[in-house]
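# Tertiary structure, described
This is what each chain is made of:
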Amino acid sequence: MTISVIGAGPAGSYSAYLLAKEGFNVNLYEEHNLIGKPIQCTGITTSFIENYINNNADFVVNKIDTVMVHSYNNNVEFKLKRKNIVMDRCGMDNYFLNKALDKGVKLFTGHRFIEANNNELIFKQNNKKVNVKKEIVIGADGPNSQVAKSFNLKGKRENFLGLQATVKGNFDSSTFEVYLGNKICPGFFAWIVPENDKIARIGLAVREGFKGRDYFEAFVKDKGKIMEMQAGLIPIYNNKLETEKNNIYLVGDAASQVKATTGGGILYALMASEELSKAIKNNESYEKNWKGRIGYSLMVHLLLRNYLDKFNDEDYSKLLELFNDKSARNLIESYDREFPIKLLMKLVLAQPKLLKYIGKVV
Ligand SMILES: Cc1cc2nc3c(=O)[nH]c(=O)nc-3n(C[C@H](O)[C@H](O)[C@H](O)COP(=O)(O)OP(=O)(O)OC[C@H]3O[C@@H](n4cnc5c(N)ncnc54)[C@H](O)[C@@H]3O)c2cc1C
């Protein structure tokens, strides 16, 4: 059986690698000619990424031990026990691709998947159609998954629009800054992630219907000189999306496996790829397995996002006041945001006033 993986982002390349390692014949199709370009990501993760990469890899550009969260009139500094990792996304994508190629995966660049018929997948390559036998298909083709559309995998899709610039200016290279509040970025947050003390990735995300560009321009205008602009969609998790049907699977952004609070999707894409490879190898339900591993965490992030959406600027400010409590801050500094359930439980015990804010979510 040949497995066709569509999309050579982290989810596609890592799934291809794991399956080829298990002895499957894997072909990987990517619409672009260059892997990892255009960049549409900030590339920051928690230290959990060290389960997948060496933190001294050449595509690791910075390690961050401080998170500074601002509201309109308040701020809290968290000193992380384990540093966050900032990566060059193009380098990271090529790292996972090379792992796949080393295991014998065949790569087809410049191949855009457009549709399927009963027996074949149809790609467009330089305006000509290429037909490929359809056996097992993995859609790792991002938030607008054409695989999901072509195979009619059910479920409503909604995305944030992320806008980001690489900016030259003066930054604190050890600090990741987060700005909360409706005046700065309604329904999400704005970020400054330094690559070093001269260059930072500055951005924000908004739901459809908000004038993202206006908020973005207002936020970035006094931060330095814009070197490069990037934009991309961030899927909002929907636990009702169908991610498995008759040998067709969705993984990563295509399956909306993204934290709705932060927009982070790299780590969940890698974890879901592991569940996918195990499920195909052992003939198990992929959907059951990935939901068992990360579904609850994704759901908690979504509930938190829905709750935070109701916050006004004053609520954010009061929330930060509660985080000034040492025991609450200590917990946040110790736990990875990948696994929020345990953290929320402990936070409520440490700072009962937080119940007012997160009790409904738990
Ligand atoms: C502005 C922004 C900032 C972000 N910052 C972070 C962050 O700091 N940390 C984090 O963890 N996450 C972040 N994310 C989310 C993260 O980028 C995604 O969750 C992650 O890239 C998901 O990987 P993926 O492989 O599923 O999808 P993608 O990385 O989107 O890869 C999909 C691949 O499929 C290809 N493709 C698409 N359609 C087709 C087709 N029809 N045929 C062939 N190939 C196709 C694409 O070209 C692409 O290479 C950010 C997202 C945005 C937009």
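An account of the accompanying structure is given in this report. (Residues numbered from 1 in each chain as written. Predicted model: local features only at pLDDT ≥ 70, side-chain atom pairs only at ≥ 80, totals over all residues. Heavy atoms only, no water.)

## Examining the site of the ligand
Residues in contact with the ligand amount to 31 residues; listed here are only the nearest, Glu-30, Ile-44, Arg-89, Phe-113 and Asp-253. Measuring from an oxygen atom of the ligand, one finds a side-chain N or O atom of Glu-30 at 2.6 Å. Taking Arg-89, its side chain carries an N or O atom lying 2.8 Å from an oxygen atom of the ligand. Computed on the free molecule, the ligand has an accessible area of 1000 Å², of which 89% lies beneath the protein chains in the complex. Mapped by element, the contributors of at least two residues to the shell around the ligand are α1 (10–21), β7 (112–116) and β15 (225–235). Element by element, the count of residues in the shell around the ligand is highest for β15, at three residues. Across the shell around the ligand, the residue classes break down as eleven nonpolar, 14 polar and six charged. (Near = heavy atom within 4 Å. Polar contact = N/O pair within 3.5 Å; in protein donor to acceptor, adjacent residues only side chain to side chain. Areas by Shrake-Rupley, 256 points an atom, 1.4 Å probe, with all protein chains shown as cover. Helix = DSSP H or I, 4+ residues; strand = E, 2+ residues; numbered from the N terminus. Nonpolar A, V, L, I, M, F, W, Y, C, P; charged D, E, K, R; others polar.)

## Here we look at the side chain of Thr-175
In this structure, Thr-175 sits in strand β12 (residues 175–179). The exposure class of Thr-175 is buried, given its relative accessible area of 9%. Side chain to side chain, Thr-175 and Asp-172 meet in a polar contact 2.9 Å long. Contact partners of Thr-175, with chain neighbours within four places excluded, come to Ile-64, Thr-66, Met-68, Ile-192 and Pro-194. (Buried < 20%, exposed > 50% of the residue type's maximum accessible area, 1.4 Å probe, protein only. Contact = heavy atoms within 4.5 Å.)

## Comments concerning the packing of aromatic side chains
All told, the structure shown has 20 aromatic pairs when counted by the stated rule. Consider the rings of Tyr-29 and Phe-123, whose centres lie 4.2 Å apart with planes at 25°: the pair is stacked. Of this pair, Tyr-29 sits in strand β2 (residues 25–29) while Phe-123 sits in strand β8 (residues 120–125), and the two are 94 residues apart along the sequence. Judged on exposure class, the residue Tyr-29 and its partner Phe-123 are both buried. Here Phe-113 and Phe-123 contribute two aromatic rings whose centre-to-centre distance is 5.8 Å and whose plane-to-plane angle is 65°, an arrangement assigned as edge-to-face. Placement of the pair is Phe-113 in strand β7 and Phe-123 in strand β8, with a sequence separation of ten residues. Accessibility classification places Phe-113 together with Phe-123 in one group, the buried group. An aromatic cluster of three or more residues is present, and its members are Tyr-14, Tyr-17, Phe-48, Tyr-52, Phe-59, Tyr-95 and Phe-96. (Phe/Tyr/Trp six-rings, centres within 6.5 Å; stacked < 30°, edge-to-face > 60°.)

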